[in-house]
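Here are the chains, one letter per residue:
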Amino acid sequence: MRSNIVLLFFDLPSKTNLEKKDYRKFVNHLKRNGYRRVQKSIFAKHLRNAGSIKSEMQLINAVAPVGDVAMLPISIKQFSSIMFISGEEVPVELFTEPV
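Residues numbered from 1 in each chain as written. Predicted model: local features only at pLDDT ≥ 70, side-chain atom pairs only at ≥ 80, totals over all residues. Heavy atoms only, no water.

Caption draft 1: Layout of the packing of aromatic side chains. Taken as a whole and assessed by the stated rule, the structure comprises three aromatic pairs. Between phenylalanine 10 and phenylalanine 26 the ring centres are 5.3 Å apart and the planes differ by 90°, which places this aromatic pair in the edge-to-face class. Placement of the pair is phenylalanine 10 in strand β1 (residues 4–11) and phenylalanine 26 in helix α1 (residues 17–32), with a sequence separation of 16 residues. Neither phenylalanine 10 nor phenylalanine 26 differs from the other in exposure class; each is buried. (Phe/Tyr/Trp six-rings, centres within 6.5 Å; stacked < 30°, edge-to-face > 60°. Helix = DSSP H or I, 4+ residues; strand = E, 2+ residues; numbered from the N terminus. Buried < 20%, exposed > 50% of the residue type's maximum accessible area, 1.4 Å probe, protein only.)

Pasting the structure below:
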């Protein structure tokens, strides 16, 4: 089976104290469940097989607060071809090793 990287993009409201709390709770949930930060609102997780993408989407959907949340599954080869224009390059190995 092919392993994949799932990219999780989100834009959550953070004006009120409750929204800020929901944001922190969501980010902490991602970190506890194997996601690693790529950028402020982009996280990535290595999935050992393509079959787990649907179940991962259901898990995120169950905990996602109000706001925009999107997932994009890509191959490790595609992830390794990301071209960084500026800033620090993110090593692919960081996302393919177990957490």
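Caption draft 2: Inspection of the confidence of the model for the chain at higher detail. Of the residues in the chain, 95% reach a pLDDT of 70 or more, and the chain-wide mean stands at 87. Here helix α4 (residues 93–96) stands out as the element of the chain with the lowest mean pLDDT, 72, in contrast to α1, whose mean of 95 is the highest. (pLDDT = per-residue confidence, 0-100.)

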